[in-house]
Amino acid sequence: MNLPTFAIAVFSLLILPGPTNAVLAMASTALTVRRFLSLIAAVVLAYLATIGPVSSIAAPLLNDHPGIASIIKLISAIWVLYLAIKLWAPAPAGGRNRLGSVQLFITTLLNPKAIIIGLTLVPAVEAGISAAMVAFVCCVTVASAIWLGLGSLLVGRRAQVPALARHCGCAVLVAFSVTLAISALWT
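Attention here is on the structure that accompanies the text. (Residues numbered from 1 in each chain as written. Predicted model: local features only at pLDDT ≥ 70, side-chain atom pairs only at ≥ 80, totals over all residues. Heavy atoms only, no water.)

**Section: the packing of helix H2 (residues 19-26) against helix H5 (residues 101-109)**
Definition in use: Where helices are involved, their axes are fitted lines through C-alpha atoms of the stretch in contact, as for all axes, and angles between N-to-C directions lie from 0 to 180°. By the criteria applied, helices consist of DSSP H or I runs no shorter than four residues and strands consist of E runs no shorter than two, each listed in order from the N terminus. Oblique is the label for any angle not under 35 degrees, not over 145, and not in the 65 to 115 range, which are roughly parallel, roughly antiparallel and roughly perpendicular in turn. Handedness of a crossing follows from how the near helix is turned relative to the far one, being left-handed for an anticlockwise turn of less than a right angle and right-handed for a clockwise one. The criterion used for residue contact is that any of the two residues' heavy atoms lie within 4.5 Å. Throughout, the ten residues Ala, Val, Leu, Ile, Met, Phe, Trp, Tyr, Cys and Pro are labelled nonpolar, Asp, Glu, Lys and Arg are labelled charged, and all others, Gly among them, are labelled polar.
Remark: H2 packs on H5, axes separated minimally by 9 Å, with the N-to-C direction vectors making an angle of 165°. Classified by the angle their axes make, H2 and H5 are roughly antiparallel. Relative to H5, the crossing made by H2 is left-handed. Here Pro19, Thr20, Val23 and Leu24 of H2 lie close against H5, whose contacting residues are Leu104, Thr107 and Thr108. In the contact of H2 with H5, the residues fall into four nonpolar, three polar and no charged.

**Here we look at the nonpolar core**
Side chains that are nonpolar tend, in soluble globular proteins, to be buried together. For clarity, the cut-off: What is meant by a nonpolar core is a set of buried Ala, Val, Leu, Ile, Met, Phe, Trp, Tyr and Cys residues, joined one to another through side-chain atoms within 4.5 Å. The cut-offs for exposure are 20% and 50% of the maximum accessible area for each residue type, with area from a 1.4 Å probe on protein chains only; residues under the lower value are buried, those over the upper are exposed, and the others partly exposed.
Counting residues in each nonpolar core, the largest one holds 42 residues, and the members touching the most others are Phe6, Leu14, Ile117, Phe136 and Leu173. Counting only elements with at least two residues in this core, the list comes to helix H1 (3-15), H2, helix H3 (33-64), helix H4 (66-88), helix H6 (112-121), helix H7 (129-155) and helix H8 (163-185). Sorting elements by how many residues they give to this core places H7 first, with nine residues.

**A look at the side chain of Ser55**
Operational definition: Here a polar contact is taken to be a pair of N or O atoms separated by no more than 3.5 Å, where protein atoms must pair a possible hydrogen donor with a possible acceptor and residues adjacent in sequence count only if both atoms sit in side chains.
Along the chain, the position of Ser55 falls in helix H3. Side-chain polar atoms of Ser55 contact the backbone oxygen of Gly52, separated by 3.2 Å. Residues contacting Ser55, with those up to four places away along its chain left out, are Gly118, Val122 and Ile129.

Dropping the structure here:
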């Protein structure tokens, strides 16, 4: 696959709703330039930390042992469910958003999209791994910025996500968790 096709495929996958994008939207409270950059950096670094080893080392292992991929999905489902439960209740009075770069990094590290990209898209790029990674980082940055922007539009300059938006976000996280768990158990 050529580089533009790779970039379109990656962006199309990354822009879809998923655990990372839900957390990005919910983490966009009191968004400053510094917080914006740290959240995007967390997503980029986590995806790279997964995609690099998956595309170069783990592909043969995951192909030969599909149970490992199921275990990764189950761990991801548990983490996303944990986040949903943790975020259901508001932060203590005067408290700030409890979602930061660490939670976003772990969520992205466990995101099945990274495995899909690492196993199927990166190996298919004809332009080489360096060009693919540059295109990938650009796609991740743009998709993450869009989700942060959407979240920011929803919460404005508030220090906390409004209750209705927080509960809807938690419901989305639970839905992703259930979907991941079912996928892990029935594959």
